[in-house]
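Survey of secondary and tertiary structure
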Amino acid sequence: MKRSISTLIFLASILGQPAAGNVYYVSTNGDDAALGTNWGLALLTISNALGRAVDGDEIVVSNGVFNVATNLIVANAVNLHSLNGAESTTLYRIPVGYFRLITVTNAGAVVDGFTVMNGYALEQGGGIYLATGTVRRCTVVSNTAYNSFNGSSFGGGIYMTGGTVEDCLIQSNWAYASSSYGGIGYGGGIYMTRGFVRRCRLIANRTDSSYQLLYGRGGGIYTTGGTSENCVVINNSAPSEGGGLYLNGAGSRALHCTVVSNYTWSASGGGIHLVSGAVSNSIIFHNRRSVDGKTGNVQQPGGILAYSCTWPLNAGAGNITGDPGFLDVTSTNYSLSPGSPCIDMAATFSEITNDIEAAARPADGDNGGGAAPDMGAWEAPPMTGGAFRC
């Protein structure tokens, strides 16, 4: 009897353990009739692997360019990742029909290490639609969200209603509304209603409409909610407001962002247009409007701007003005040089413990005897440690 009870307990303990997930392999020379359980039996298409994978499974995608013919829907808690990162694996929309490349709808899903390119979606999310889950270490480039018949478009690169985008490059995406009147493009790089954008680089995204090219808001990011933190926003554009960022919601936050060299065409707010929400611990500099070349860093009809560096000085706790002291503007190195007035001048957010390069935040960057966070996306290293800086 004791033996039977012991056996039952042993079996129960094994059955109670979560089963190890299956691993499916996808290769450019694979076969969708294969099992997909190793490289020798690799599948040909990611859509086939997603159709087989269940919660807890892993999908590994080889190097190469994968011509995608349909929206890849990640509906289960799977880890979909490339073998060697975004530089080696590209998902490219076949230019027949309009569809985005990836949709993520499961909170446990991870999409990691792809170049997502040439998506073309009607209205929302040219490259990726993120409802929940995580998109990590991806390059989202040259995607378009488009609308016509006086409709607006949202999120040329990514449209997100939740989840997390982290350590990604979002570049050269477009939110475009073709209309005689009424249609507006929102969020050339990202349109966000909820979620987190962390340690991302948003470069050369744009938004506009066809009507005299006067409309379009939030070239880099347009947000009605959610948080952007430790991001660098460079050379994005919008015709009307918010060449870099447009914040229009009480739950919108931009923390520790470096917003540089963005522009509007004819309106102010080349760097940030702040309607509501909060911008803190950020550097907004060298932004302009292109019609006359005038400086246009921040336009603030509402919201809170605090502990940030811009010109001219905006009202708000802890704000400063003057040259932020970037290390090398000509080579687009926007980390802080020794002596920068932005070092140790930001407010503390306990949940933010690193910078855009994952360096520890805060650090004693001015050798003042106490660590405090810096403004902007980069935390200056302690002057007493690390390589000599000049």
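Residues numbered from 1 in each chain as written. Predicted model: local features only at pLDDT ≥ 70, side-chain atom pairs only at ≥ 80, totals over all residues. Heavy atoms only, no water.

**With respect to the overall build of the protein**
Within the protein, the secondary structure is distributed over two helices and 38 strands. A globule of 390 residues ought to have a C-alpha radius of gyration of about 21 Å, and the protein, at 23 Å, matches this closely. In terms of overall dimensions, the protein has a C-alpha envelope of 80 × 60 × 35 Å along the principal axes. Considering only residue pairs separated by 6 or more positions, the protein has 67% of its internal contacts joining residues 24 or more positions apart. Summed over its atoms, the accessible surface of the protein is roughly 16,000 Å², and 55% of this surface lies on carbon and sulfur atoms. If you average the places of the 19 positive and of the 24 negative side-chain charges in the protein, the two averages end up 6 Å apart. (Helix = DSSP H or I, 4+ residues; strand = E, 2+ residues; numbered from the N terminus. Rg over C-alpha atoms; globule rule 2.2 N^0.38 Å. Contact = heavy atoms within 4.5 Å. Areas by Shrake-Rupley, 256 points an atom, 1.4 Å probe, with all protein chains shown as cover. Lys, Arg positive; Asp, Glu negative; His and termini not counted. Charge placed at Lys NZ, Arg CZ, Asp CG, Glu CD.)

**Some points on the pattern of salt bridges**
Where charged atoms from two side chains of opposite charge approach closely, those side chains can pair. Applying the stated criterion across every chain, the model contains 10 salt bridges. R198 is the partner of E229 in a salt bridge, and the nearest nitrogen-oxygen pair spans 3.2 Å. On the criterion of sequence distance, the pair formed by E229 in strand β25 (residues 221-229) and R198 in strand β22 (residues 196-198) is long-range, its members being 31 residues apart. Note on E229: relative accessible area 6%, which makes it buried. The salt bridge involving E379 is made with R361; its shortest N-O contact spans 2.7 Å. Note that E379 is positioned in the segment after β38 (333-336) and R361 in the segment after β38, a separation of 18 residues in sequence. Here E379 matches R361 in class, with each residue buried. (Salt bridge = Lys/Arg side-chain N within 4 Å of Asp/Glu carboxyl O. Buried < 20%, exposed > 50% of the residue type's maximum accessible area, 1.4 Å probe, protein only.)

**What about the confidence of the model for the protein?**
Averaged over all residues, the pLDDT of the protein is 91; the fraction at 70 or higher stands at 91%. Long-range and interchain partners of residues 1-19, a stretch whose pLDDT sits below 50, account for zero contacts in this model, where long-range means more than four residues apart. (pLDDT = per-residue confidence, 0-100.)

**So, unusual backbone geometry**
Note the cis peptide between W311 and P312, where omega equals -5°. Position of P312 among the secondary structure elements: in the loop between β36 (309-310) and β37 (326-328). In this chain, R361 is followed by P362 through a cis amide linkage whose omega measures 5°. You can see P362 is positioned in the segment after β38. If you check the backbone angles, S172 has positive phi at about 55° while not being a glycine. Assignment of secondary structure puts S172 in the loop between β18 (169-171) and β19 (174-177). Residue Y307 is not a glycine yet carries a positive backbone phi of 50°.

**Observations concerning the packing of aromatic side chains**
Counting across every chain of the model gives 13 aromatic pairs. Between Y129 and Y159 the ring centres are 5.1 Å apart and the planes differ by 40°, which places this aromatic pair in the tilted class. Taken together, the residues span a long stretch of sequence, with Y129 in strand β11 (residues 128-130) and Y159 in strand β16 (residues 158-160) at a distance of 30 residues. Classification of Y159 by relative accessible area gives buried; the value is 9%. Ring centres of Y191 and Y222 lie 5.4 Å apart, and the angle between their planes is 5°; this geometry places the pair in the stacked category. You can see Y191 sitting in strand β21 (residues 190-192) and its partner Y222 sitting in strand β25, a full 31 residues away along the chain. (Phe/Tyr/Trp six-rings, centres within 6.5 Å; stacked < 30°, edge-to-face > 60°.)

**Considering the pairing of strand β5 (residues 79-82)**
Alignment of strand β2 (residues 58-61) against β5, held across four bridges, turns out to be parallel. Along β5, the bridge assignment pairs V60 with H81. Bridge count for β5 against strand β8 (residues 110-112) is three bridges, and the pairing is parallel. Pairing of L80 across the sheet is with V111, part of β8. (Pairing = 2+ DSSP bridges.)

**Regarding the environment of S62**
Inspection of the secondary structure puts S62 in the loop between β2 and β3 (64-68). Judged by its relative accessible area of 8%, S62 is buried. Along the primary structure S62 and A372 are separated by 310 residues, whereas in three dimensions their C-alpha atoms are 43 Å apart. The contact partners of S62, leaving out residues within four places of it in the chain, are V26, S27, T28, W39, L83 and T89.

**Re the nonpolar core**
If you look at the biggest cluster of nonpolar residues, it comprises 52 residues, and the most contacted ones within it are I59, V74, L91, I102, V111 and I190. With residues up to four places along the chain from it excluded, the contact list for L91 reads I46, F66, V68, L72, L101, I102, F114, T115, V116 and M117. Formed by 18 residues, the second largest nonpolar core is a distinct cluster that contains V232, I283, I343 and I356. (Core = buried A, V, L, I, M, F, W, Y, C linked by side-chain atoms within 4.5 Å.)

**Observations regarding the pairing of strand β1 (residues 23-26)**
Across a regular strand the side chains alternate sides, sitting on one face of the sheet and then on the other. As defined by bridge partners, β1 adjoins β2 across four bridges and the pair is classed as parallel. Looking across to β2, one finds that Y24 is bridged to I59. A crossover links β1 with its parallel partner β2, the connecting element being helix α2 (residues 46-52), and its sense is right-handed. (Right-handed = clockwise from strand over helix to strand, strands pointing away.)

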